[in-house]
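# Architecture at a glance
Take a look at the letters that make up each chain.
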Amino acid sequence: MQDIRPDTSHVVIDAHGLQCLIDALSQDGRRVVGPTVRDEAIVYDDIAGLGSLPRGWTDRQEAGRYALERREDEACFGYVVGPHSWKKFLFPPVETLWKARREDDGTMAVSRPERPADRFAFIGVRACEIEAIAIQDRVFEQGPYTDTAYAARRSDAFIVAVNCGQAGGTCFCVSMETGPRATHGFDLALTEMIEGAEHRFLVEIGSEEGRSVMAQVPHVRADEARIGAASAIVERTAAQMGRHLDTDGLKELLQGNLEHPRWDDVADRCLTCANCTMVCPTCFCSTVEDHSDLANREAERVRKWDSCFTMDFSYIHGGSVRASTASRYRQWMTHKLANWIDQFGTSGCVGCGRCITWCPVGIDLTQEAAAIRATPGEGRS
Amino acid sequence: MTARPKLAVWKFASCDGCQLSLLDCEDELLAVAGAVEIANFPEASSAIVEGPYDLSLVEGSITTPHDAERILAVRKQSKFLVTIGACATAGGIQALRNFADVKDFVAAVYASPQYIDTLATSTPISAHIPVDYELHGCPINKAQLVEVISAFLAGRKPAVPAHSVCIECKQRGSVCVMVQGTPCLGPVTHAGCGAICPAYRRGCYGCYGPMETPNMPALARGWRELGADGRDIRRALRSFNAWAEPFRKESAAHDD
Ligand code: SF4
Ligand code: SF4
Ligand code: SF4
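In this numbering scheme, every chain counts its residues from 1 along its sequence in written order. Throughout, the order in which chains and ligands are written sets their labels, letters from A for the former and numbers from 1 for the latter. Given that the model is predicted, a residue must reach a pLDDT of at least 70 before its local features are reported, and side-chain atom pairs must reach 80 or more before they are shown or counted; all residues, however, enter totals for whole chains, interfaces and linings. To get the side-chain values, take all heavy atoms of the structure and skip hydrogens and water.

Another aspect to go through is the domain arrangement of chain B. Residues and elements named next belong to chain B. For each domain, the first and last residues come from an automatic or database assignment. We note that the domain assignment places domain 1 (6-154) and domain 2 (165-252) within chain B. Look at where the C-alpha atoms of domain 1 and domain 2 centre, and you get two points 25 Å apart. The contact rule is simple, with two residues in contact once any of their heavy atoms fall within 4.5 Å. Taken together, the 18 residues of domain 1 in the interface contact 13 residues of domain 2. Roughly 1,200 Å² is buried in total at the junction of domain 1 and domain 2, and carbon and sulfur atoms are behind 64% of that figure. Simply put, the buried area is the total loss of 1.4 Å probe accessible area from both parts when two parts are fitted together. The largest share of the area that domain 1 buries against domain 2 comes from Phe99, His136 and Cys138, three residues that together contribute 39% of it. In what follows, salt bridge is the name for a side-chain nitrogen of Lys or Arg lying within 4 Å of a carboxyl oxygen of Asp or Glu. The tally of links from domain 1 across to domain 2 stands at zero salt bridges. Nitrogen and oxygen atoms within 3.5 Å of one another constitute a polar contact, given that in protein one can donate a hydrogen and the other can accept it, and given that sequence-neighbouring residues count only through two side-chain atoms. At the boundary of domain 1 and domain 2, one finds four residue pairs in polar contact (both at pLDDT 80 or more). The nonpolar class holds Ala, Val, Leu, Ile, Met, Phe, Trp, Tyr, Cys and Pro. Asp, Glu, Lys and Arg form the charged class, and all remaining residues, Gly among them, are polar. Broken down by class, the residue content of the side of domain 1 that touches domain 2 amounts to ten nonpolar, eight polar and no charged.

We now examine the interface of chain A and chain B. How big an interface is tends to be reported as the loss of accessible area on association of its parts. If you look at the interface, chain A gives 43 residues, while chain B gives 38 residues. Of the roughly 3,100 Å² buried where chain A meets chain B, counting both sides, 56% is carbon and sulfur surface. Our count for the contact surface shared by chain A and chain B stands at three salt bridges. Residue Arg201 of chain B pairs with Asp39 of chain A through a salt bridge whose shortest N-O separation is 3.8 Å. The tally of links between chain A and chain B comes to 19 residue pairs in polar contact (both at pLDDT 80 or more). A helix here means a DSSP run of H or I that spans at least four residues, while a strand means a run of E at least two residues long, and both kinds are numbered starting from the N terminus. Broken down by secondary-structure element, the contributors of at least two residues to the side of chain A that touches chain B are β3 (41-46), β5 (65-70), α9 (262-269), α10 (275-279), β13 (286-292) and β14 (298-305) of chain A.

For the rest of this paragraph, the subject is the UniProt feature "domain: NADH:ubiquinone oxidoreductase-like 20kDa subunit" (unreviewed entry) in chain B. UniProt positions are given in the numbering used here, feature names are shortened, and annotations may be inferred rather than shown by experiment. Those residues carrying the UniProt feature "domain: NADH:ubiquinone oxidoreductase-like 20kDa subunit" (unreviewed entry) are residues 15-151 of chain B in this numbering. Secondary structure within residues 15-151 of chain B divides into 37% helix and 15% strand; the distance between the first and last C-alpha atoms comes to 26 Å.

All names here are of chain A. Each residue's exposure class comes from its accessible area (1.4 Å probe, protein chains only) as a fraction of the maximum for that residue type: buried when under 20%, exposed when over 50%, partly exposed otherwise. For strand β1 (residues 10-14), the tally of buried residues reaches five of five residues, placing the bulk of the element in the interior. Every second residue of β1 is oriented toward a common face, with His10, Val12 and Asp14 on one face and Val11 and Ile13 on the other, all of them buried. A pair of strands is considered paired only if DSSP assigns at least 2 bridges between the two. Across five bridges, β1 lies against strand β11 (residues 198-205) in antiparallel orientation. Within β11, the residue paired with Val11 across the bridge is Val203.

Applying the stated criterion across every chain, the model contains 42 salt bridges over all chains. Here Asp268 of chain A and Arg221 of chain B are joined by a salt bridge, their closest N and O atoms 4.0 Å apart. On the criterion of chain membership, the pair formed by Asp268 of chain A in helix α9 and Arg221 of chain B in helix α9 (residues 216-225) is interchain, its members lying in two chains. We classify Arg221 of chain B as partly exposed; its relative accessible area is 38%. Ionic contacts of the salt-bridge type, sharing partners, join the residues Arg38, Asp39, Glu40 and Asp45 of chain A together with Arg201 of chain B into one network.

Attention shifts here to the packing of α9 of chain A against helix α13 (residues 365-374) of chain A. To characterise two packed helices, one gives the angle between the axes of the helices and the distance between these axes. All names here are of chain A. Simply put, an axis is a line fit to the C-alpha atoms, just over the touching stretch for a helix, and the angle between two N-to-C directions goes from 0 to 180 degrees. Running from N to C, α9 and α13 point in directions that differ by 150°, and their axes come no closer than 10 Å. By the angle class used here, α9 and α13 are roughly antiparallel. Considering the relative orientation of α9 and α13, their crossing is right-handed. In this structure, α9 uses Arg262, Trp263, Val266 and Arg269 to contact α13, whose residues at the interface are Gln367, Glu368, Ala371 and Ile372. Split into classes, the residues belonging to the contact of α9 with α13 amount to four nonpolar, one polar and three charged. What sets the label is the angle itself: under 35 degrees gives roughly parallel, over 145 gives roughly antiparallel, 65 to 115 gives roughly perpendicular, and the rest give oblique. When the near helix sits turned anticlockwise from the far one by under a right angle, the crossing is termed left-handed; a clockwise turn instead gives a right-handed crossing.

Residue and element names in this part refer to chain A. Segmentation of chain A into domains returns domain 1 (10-238) and domain 2 (250-283 + 312-374). For domain 1 versus domain 2, the distance between C-alpha centres works out to 27 Å. With 28 residues of domain 1 at the interface, the matching set in domain 2 holds 26 residues. Summed over both sides, the interface between domain 1 and domain 2 buries roughly 2,100 Å², with carbon and sulfur atoms accounting for 63% of that surface. Together, Lys87, Ile135 and Phe172 form the three largest contributors to the area buried by domain 1 at its contact with domain 2, with a combined 25%. On the surface where domain 1 and domain 2 come into contact, there are one salt bridge. Between Arg354 and Glu129 there is a salt bridge, with its nearest N and O atoms 2.4 Å apart. Summed over the shared surface of domain 1 and domain 2, the number is 19 residue pairs in polar contact (both at pLDDT 80 or more). Looking at the side of domain 1 that touches domain 2, the elements with two or more residues in it are β4 (57-62), β5, α3 (127-140) and α5 (173-176).

Further remarks concern the sheet that holds strand β4 (residues 78-84) of chain B. All names here are of chain B. Read from one edge to the other, the open sheet built from five strands follows the order β2-β1-β3-β4-β5, with strand pairing classed as parallel. The strands lining the two open edges of the sheet, one partner per strand, are β2 (37-40) and β5 (133-135). Sheet twist, expressed as the average angle between the axes of neighbouring strands with direction ignored, equals 30°. As judged from the six bridges shared by strand β3 (residues 53-59) and β4, these two strands associate in the parallel manner. Across the sheet, the residue bridging to Leu57 is Val82, located in β4. Strands in contact with helix α3 (residues 65-77) are β1 (6-11), β3 and β4; relative to β4, the strand with the most contacts, it is inclined by about 130°. Contacting β3, β4 and β5, helix α6 (residues 142-154) runs over the sheet at an angle of about 160° to β3.

Bringing a nonpolar patch on the surface into the picture now. The patches described consist of residues with a relative accessible area above 30% and no salt bridge, like charges being joined within 9 Å and nonpolar side chains (Val, Leu, Ile, Met, Phe, Trp, Tyr) within 5 Å. All accessible areas in this document rest on Shrake-Rupley with a 1.4 Å probe, and a residue is counted as covered only by the protein chains that are shown. Judged by side-chain polarity, Val109, Tyr110 and Ile116 of chain B come together as a nonpolar surface patch covering roughly 280 Å² of accessible area. Mapped onto the fold, Val109 of chain B is located in helix α5 (residues 102-109).

Bringing the environment of Ser150 of chain B into the picture now. Considering the arrangement of structural elements, one finds Ser150 of chain B in helix α6. Each C-alpha atom, one on Ser150 of chain B and one on Ile84 of chain B, is 15 Å from the other, the two residues being 66 residues apart in sequence. If we skip the residues at most four places from it in the chain, Ser150 of chain B touches Ser292, Asp293 and Leu294 of chain A together with Arg156 of chain B.

Moving on to the environment of Gln343 of chain A. Examined against the element boundaries, Gln343 of chain A turns out to sit in helix α11 (residues 325-344). Separated by 161 residues in the primary sequence, Gln343 of chain A and Ala182 of chain A have C-alpha atoms spaced 25 Å apart.

Moving on to the nonpolar core. The biggest cluster of nonpolar side chains holds 67 residues, and the ones touching the most others in it are Phe122, Tyr329, Trp332 and Met333 of chain A. With eight residues, α3 of chain A is the largest single contributor of residues to this core. Counting contributing residues, this core receives three or more from each of domain 1 (10-238) and domain 2 (250-283 + 312-374) of chain A. Residues within four places of Met333 of chain A in sequence aside, it is in contact with Leu254, Trp263, Ala338, Leu365, Glu368 and Ala369 of chain A. Side-chain atoms within 4.5 Å are what join buried Ala, Val, Leu, Ile, Met, Phe, Trp, Tyr and Cys residues into a set we call a nonpolar core. With 60 residues, the next largest nonpolar core counts Leu53 and Trp358 of chain A together with Cys169 and Val179 of chain B among its residues.

In structure tokens:
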């Protein structure tokens, strides 16, 4: 393949080109992470190239159920989203914030761990995930305080998006208007196209950095037919959503139904295990643990992912404010779908469906919201 | 230099595994010995310094009339008393006797049952004396033990979360085995082990006992949906923490 005009925003590569793209990013000193099969799931981890990708695999998802299945083709991105999200790289689940040491002369030395040198390249970021990253950006770097470690990792990250070629059983990005097409927030966006023996990727260039990386990758120009065919793939995906959430007046609906009997109904089923919050790509809560050593000379503060489902989360003098399961589930759902809008200007949900799939007992927030909508005002005094 | 706090380690009905966690601390062991005076720890040294003790670690459950007396004396000599492990905090695997008639076991096991002087039940230490802190696990996690001792020395609260194993499972990036079809006790089990079993593709066995707010009936329904029957649920719950109230009640509900 030969080079094309530098100002073109759409080009086409083949599977070899995808390998060249991964090579170019890694030769640029980036830590390339993307989808790979592990433990019978498609997780995000370090990848070396095409061989690491889940080629020929797809995932079947339902509430509380996930299974891998073989595809009939050799698609690299023929699945939806799995148990991991990019949050684990940008906002690590466990991170030491600082260490302190008491010296012999009684002085105290405080040190921050060196920022890990990872400059990430994310391969295979879905439209809903780009939105989720944007939501975490608002939390970590656009408020009154900036999480500098997050901001550094974030600004270095190179994003290769993938437009979804199919929707999963728990997907509802169409309801949340976050997908399935990536429209912004990427350096490159791929649409995978397989026709018979022909395996191609339409690449949309979204940034100058994306353009300069593509200069190192063999590609051809995309014609109108190719661009149209890629659009058709995404449109077909949009029509396949496994779930639907009616967002019309949802904020007011939930905020006006804080005593609805459905909260007790879900509390009967909910394990307060916190899986939904751990897998959610927008959930950002953390706790800090302070440790001191046996000699009482060294101390450290460690930040860990936390959840509104734990008792410690709402612990204040005298006990936990949200002691009942109903109050904890209500906190999670009303924050995510309603109060988030007051706080950050958007919903906290991007419709990725992870909380539905990865709830061990299959609790589905779209169903819970629908149940409240079906009988609004119930239980209000 | 001020005198180091005196540490005592006591054993009741147990396998010694939890005390051994302390000896297994390797790197930290010298630091422990530097920070406290190991005054009474027969497993480690036959030199015994008399009480009272600043910190007592108690392993094991109460299963004999003699031990029921002895624990009172331990409490009297201890300023701060921490129970360690599933036996001391929940009665241990030996609490399976609580679900049956201990006389039948004695008759089945011993040639001369008349010499056996045992209680009908195995009970946690907290059923006999006030306990200042409970560290769960079968066996306990040695890093958590060091954390509890360090916290005691610094006069702070130990960082030992009581939430589900699932949070640790997710923090380490494991894929949920329950969602993939394997029944798991993680959602109702107290964190502390670091979610070892799911990382090896097994369901959690509940070694750390009930988490802070376990919803047992909901988990049991989830197990049944995955094909487990009442016997599977009962057996899973009747292990090291069988006598812990939430596990005990739920296992009884599947006594069909
Ligand atoms: S609430 Fe659920 S569907 Fe929405 S973004 Fe979080 S995990 Fe995805
Ligand atoms: S909704 Fe599901 S995943 Fe979330 S805490 Fe409840 S049981 Fe766990
Ligand atoms: S494997 Fe078990 S412990 Fe881990 S998240 Fe699933 S239910 Fe929880």
